[in-house]
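Structural overview for review
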Amino acid sequence: THADAFSKTSLALVNGFPAIATTLGNNIDTTKFLTYAVASNADGSGAWNVVTVDSATDAGSQYVSLAVVAGNPAISYVDNAASELRYIRANDPLGAAWPAGPNLNVAVKNAIPVAATGATSMAIIDGHPAIAFRADITSSGDTAYVRALDPDGATWGPVKTVITAGQSNFVSLAVVAGRPAISSNLTASSYGVRFAVATDSTGATWRDMQVVGTPSG
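Below is a short write-up of the structure. (Residues numbered from 1 in each chain as written. Predicted model: local features only at pLDDT ≥ 70, side-chain atom pairs only at ≥ 80, totals over all residues. Heavy atoms only, no water.)

1. Quick look at the overall build of the chain
Helix and strand counts for the chain come out as one helix and 16 strands. Counting every position in the chain, which comprises 217 residues, the buried fraction comes to 47%. Taking the intrachain contacts of the chain between residues at least 6 apart in sequence as the baseline, contacts between residues at least 24 apart amount to 38%. Put simply, the chain shows about 9,600 Å² of open surface, and 53% of that area lies on carbon and sulfur atoms. (Helix = DSSP H or I, 4+ residues; strand = E, 2+ residues; numbered from the N terminus. Buried < 20%, exposed > 50% of the residue type's maximum accessible area, 1.4 Å probe, protein only. Contact = heavy atoms within 4.5 Å. Areas by Shrake-Rupley, 256 points an atom, 1.4 Å probe, with all protein chains shown as cover.)

The following block contains the structure:
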C-alpha cells in the first residue's frame, strides 16, 4: 500500500517517548485516516508503532494537535466530511489502543454546533484539555475556544468566539501568565497576526484581541 501525508504533523513527548499525530491516506482516491505513531525508544530511534485512530473516510484535516491529557495521549482534529471539531483520547498511556465504534469522538461533536473548518491547537488549561480552532460562527474563519469540563475531556463546555476579524488559517493555544492565550494568523481582508488572552484561568471570558503585526509594503 502507499501512504501519503495529508496534514501538518503534531509532535509531543508521550510518557517519555516521542509521538506524532498526522493524517495519512491514499493520494489516488484522497482517502484520509487520522494516524498516531509512537517511538519504541526515548530518542526516537528504532521502530515506531503506527495506529489508525479514526478510519472514517476524510477523517482529519490539514491540522491536528497532539497532547497528553490525564496521562494518555489525545488528539484534536477536524472531520472534513462533517465539518466537525473532534477530540479523541487513547485508552492507555502510550496510545496503543484508542476508542472505536459509534461513540467515537462524540463528546466534542455534540457539544459544538458550529462548522469547524480548519486549524486546531490543544493545550491543558487549568488541568483540563482545551482547544483553539477555526470555525464559522459569526463569520467565515473565526477563531474559537472550548474547554473540557473534566480532566479527561469526556464532556465539554460552551464555545467562545475569541477573534472575529479575518480568516484564521493558523491558530496556537498556550498558557500565558496563568491564563489561556491564542495567537492567530489571519488572511483575507485582515492580513497579519492577532493575539488574545483570557481574563481568567479557564478562558470563560476574553480580552479584546490585539494586533501584533501586519504585512508592510
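What follows continues from the structure just given.
2. Observations regarding the nonpolar core
With 16 residues, the main nonpolar core has Leu-34, Tyr-36, Val-53, Leu-66, Ile-75, Ile-88 and Trp-98 as its most contacted residues. Looking at this core, the elements with two or more residues in it are strand 2 (10–14), strand 3 (17–26), strand 4 (31–39), strand 5 (48–54), strand 6 (59–69) and strand 7 (72–79). In this structure, Ala-123, Ile-125, Ile-182 and Trp-206 belong to the second largest nonpolar core, which totals 15 residues. (Core = buried A, V, L, I, M, F, W, Y, C linked by side-chain atoms within 4.5 Å.)

3. Details of the environment of Val-68
In this fold, Val-68 is placed in strand 6. A relative accessible area of 28% means that Val-68 is categorised as partly exposed. For the pair Val-68 and Arg-89, spaced 21 residues apart in sequence, the C-alpha to C-alpha distance is 8.7 Å. Dropping the residues within four chain positions of it, Val-68 is found in contact with Leu-13, Val-14, Pro-73 and Ile-124.

4. With respect to the pairing of strand 8 (residues 84–89)
Of all six residues in strand 8, six are buried, a share of seventy percent or more. Along strand 8, one buried face is formed by Glu-84, Arg-86 and Ile-88 and the opposite face, lined by Leu-85, Tyr-87 and Arg-89, is buried too. Bridge count for strand 7 against strand 8 is six bridges, and the pairing is antiparallel. Within strand 8, the residue paired with Tyr-77 across the bridge is Arg-86. (Pairing = 2+ DSSP bridges.)

5. A few points about the pairing of strand 7
On a regular strand, each side chain points to the face opposite its neighbour's, so the side chains alternate between the two faces of the sheet. A large share of strand 7 lies buried, amounting to eight of its eight residues. Residues Asn-72, Ala-74, Ser-76 and Val-78 point to one face of strand 7 and Pro-73, Ile-75, Tyr-77 and Asp-79 to the other, with burial holding for every one of them.

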